[in-house]
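Observations on the model geometry
Residues per chain are reported as follows:
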Amino acid sequence: MMRLDKYLADMGMGTRSEIKEKIKKGQIRVNEEIIKKPETKVEPFTDKISVQGKTVGYVTYEYYMLNKPSGYVSATTDSKYPTVLDLISDKKRKDLFPVGRLDIDTEGLLLITNDGALSHQLLSPKKHVKKTYFAKIEGYVTKEDVLKFKEGLAIGEEKLTLPAELLILKSDAISEIKVTIVEGKFHQIKRMFEAVDKKVLFLKRLSMGSLILDEELALGEYRPLTEQEIRGLKGN
Ligand code: URA
């Protein structure tokens, strides 16, 4: 059982005081009956809650795959830039957050959820979850770079980076590569290329653990994860 005002707040129906106001005005019904007490206990999955005639179902967890465009911050709020949460227009829960960060100019796969345990599991440095990126690099990427990425690079951290798999797709004045890392240090890919005197011009995340970016999603589009994708991430 859960308090009615918490149920409505969880589902993004406004702040606690806005919700109190709606309840006072008689806009909230539980099983068709107008309820005037915010502290009324409801059963989230059996009681029917409605706000101004519209049923508001309860969900405990939400999981979305976003194809992040450049120009959006991987945060829940920001004073200057729009956030990745601004793109999730039909979210139900108000407590969603991005799992890890992509830089403002990085594109691609970002998981948005309110599942803290899963987030922890994916971000824990001990778990070595693989993240694969596509990148365009200024300068010729060489076999020596591949070796250096494998051996570990000094990027100004206490230790060298863990072995990373660098795959050259095109070595040219502007090279194209795929790289897989098992860490998530701040600006890691950019710093790894800096360590071999090269510059990342474009960066896009393709996968995180078992989750692969759905190429059907245009930049800025998102979709809920499938049950199978959720199970995959949880390691089942
Ligand atoms: N590495 C970076 O440098 N930036 C990202 O956004 C992700 C990984």
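Because the structure is predicted, anything quoted here is derived from the model rather than measured. (Residues numbered from 1 in each chain as written. Predicted model: local features only at pLDDT ≥ 70, side-chain atom pairs only at ≥ 80, totals over all residues. Heavy atoms only, no water.)

Some points on the domain arrangement of the protein
For the protein, the assigned domains read domain 1 (2-55), domain 2 (63-125 + 211-234) and domain 3 (131-208). A C-alpha centroid distance of 28 Å is found between domain 1 and domain 2. (Domains from an automatic or database assignment.)

Remarks on the sheet that holds strand β6 (residues 54-55)
Read across the open sheet, the four strands follow the order β3-β2-β5-β6; overall the sheet is antiparallel. Taken across any chain shown, the strands that pair with only one partner, and hence form the sheet edges, are β3 (33-34) and β6. Looking at chain direction, strand β5 (residues 49-51) and β6 are connected through two bridges and run antiparallel. In the sheet register, Ser50 faces β6, and the bridge partner there is Thr55. (Pairing = 2+ DSSP bridges. Helix = DSSP H or I, 4+ residues; strand = E, 2+ residues; numbered from the N terminus.)

Side note on the site of the ligand
The ligand sits among Leu102, Asp103, Thr106, Tyr133, His187, Gln188, Ile189, Lys190 and Leu203. Asp103 is positioned with one of its side-chain polar atoms (N or O) 2.7 Å from a nitrogen atom of the ligand. Compared with its free state, where it exposes 240 Å², the ligand has 96% of that area covered by protein. Among the cavities detected, the one that contains the ligand is the largest pocket. With three residues, the top contributor of residues to the shell around the ligand is helix α5 (residues 188-195). Taken together, the residues of the shell around the ligand break down into four nonpolar, three polar and two charged. Shared between two domains, the shell around the ligand holds at least three residues of each, these being domain 2 (63-125 + 211-234) and domain 3 (131-208). (Near = heavy atom within 4 Å. Polar contact = N/O pair within 3.5 Å; in protein donor to acceptor, adjacent residues only side chain to side chain. Areas by Shrake-Rupley, 256 points an atom, 1.4 Å probe, with all protein chains shown as cover. 1 Å grid on protein atoms, 1.4 Å probe; cavity = no way out; pocket = protein on both sides within 12 Å on 5 of 7 lines; lining within 4 Å. Sits in = over half its atoms within 2 Å of the grid points. Nonpolar A, V, L, I, M, F, W, Y, C, P; charged D, E, K, R; others polar.)

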